[in-house]
Amino acid sequence: MIKKEMDSCSSDLVEEIKKDYRASADIGLKRCMQCGMCTSNCPAARHSSYDPREMVKMVLDDNPEILENPDIWNCFYCYTCQSNCPVNNSPSQVNQILRQKVLQKGGKTERIYKFITYGYSFMEFGVGLIPTDFFEIRANDFGEKYREFKDELEDIREELGLGEYILTGEDQEEVKNILTESGFKKRLKKFKEAGESL
Ligand code: SF4
Ligand code: SF4
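What counts, and at which threshold
Residues numbered from 1 in each chain as written. Chains lettered and ligands numbered in written order. Predicted model: local features only at pLDDT ≥ 70, side-chain atom pairs only at ≥ 80, totals over all residues. Near = placed C-beta within 6 Å. Helix = DSSP H or I, 4+ residues; strand = E, 2+ residues; numbered from the N terminus. Buried ≥ 20, exposed ≤ 12 C-beta atoms within 10 Å, placed from the backbone. Nonpolar A, V, L, I, M, F, W, Y, C, P; charged D, E, K, R; others polar. Domains from an automatic or database assignment. Axes fitted to C-alpha atoms, helices over the stretch in contact; angles between N-to-C directions. Parallel < 35°, antiparallel > 145°, perpendicular 65-115°, else oblique. Contact = placed C-beta atoms within 7 Å.

### Some details on the site of ligand 1
Neighbouring residues of ligand 1: 14 residues in total, closest C32, C35, M37, C38 and C85. Listing elements by their share of the shell around ligand 1, those giving two or more residues are helix 3 (37-41) and helix 5 (52-60).

Next comes the structure, spelled out in structure tokens:
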């Protein structure tokens, strides 16, 4: 009975999210009972005013103001919310789809521009290498050991018998082709140009 009432929710935002290819086929968005488990375990909520429970509530209420809410950019996709949700909802996926809607309309480009080199390294090497601009920040956060680790990474990998961590040859070409044919490359360029014009 309760489930039926919840499934009768008529929100355009809910329907758009459920149809999005980023959403799991069995996402329990309409079954959200506002228990707050997601928020209580969310690291982003602990350190900012972001509230995944409230975000889901606004989606269920078909409230477009959620797209203007700067807090949605504080989620970093750890998926703790999804792991803990009792009705198999995924605030993490909901968040990703909401952000994409904002980006598709040309908004908040500055939020992703600083990460754009992840995309280019993925195109080039098949892995998302950490942008060099972030090295100093990470070294400050993690200490000198991080810098040493980065400097000695090649030697450490060799010692452990690990191979190259970037793709080469045919594998590299295959990834490039997939990313080009799927529109990833074009989209990346669009965000780069938009970011540079800020
Ligand atoms: S944990 Fe799940 S059911 Fe509870 S508020 Fe969050 S999304 Fe809704
Ligand atoms: S994925 Fe986002 S909303 Fe979910 S727990 Fe992690 S930071 Fe919070």
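### Considering helix 10 (residues 135-142)
Of all eight residues making up helix 10, only zero are buried, and the element is barely covered by its neighbours. At the exit of helix 10 stands G143, carrying a positive phi of roughly 95°.

### Topic: the site of ligand 2
Close to ligand 2 lie 14 residues, the nearest being C42, C75, C78, C81 and S92. When residues of the shell around ligand 2 are traced back to their parent elements, those giving at least two are helix 4 (43-47), helix 6 (80-84) and helix 7 (91-104). For the shell around ligand 2, the element with the most residues is helix 7, which contributes three residues. Tallied by class, residues from the shell around ligand 2 come to eleven nonpolar, three polar and no charged.

### Quick word on the domain arrangement of the protein
Along its sequence, the protein is organised into domain 1 (2-106) and domain 2 (110-196). With centres defined by C-alpha atoms, the gap from domain 1 to domain 2 works out at 28 Å.

### Topic: the packing of helix 10 against helix 11 (residues 144-151)
At a minimum axis separation of 6 Å, helix 10 and helix 11 run at an interaxial angle of 130°. Comparing their axes, helix 11 and helix 10 come out oblique. Here F135, R138, A139 and F142 of helix 10 lie close against helix 11, whose contacting residues are K145, Y146, R147 and K150. Split into classes, the residues belonging to the contact of helix 10 with helix 11 amount to four nonpolar, no polar and four charged.

### Examining unusual backbone geometry
Within the chain, Q34 stands out as a residue other than glycine whose phi angle is a positive 60°. Turning to its location among the elements, Q34 is positioned in the loop between helix 2 (12-19) and helix 3.

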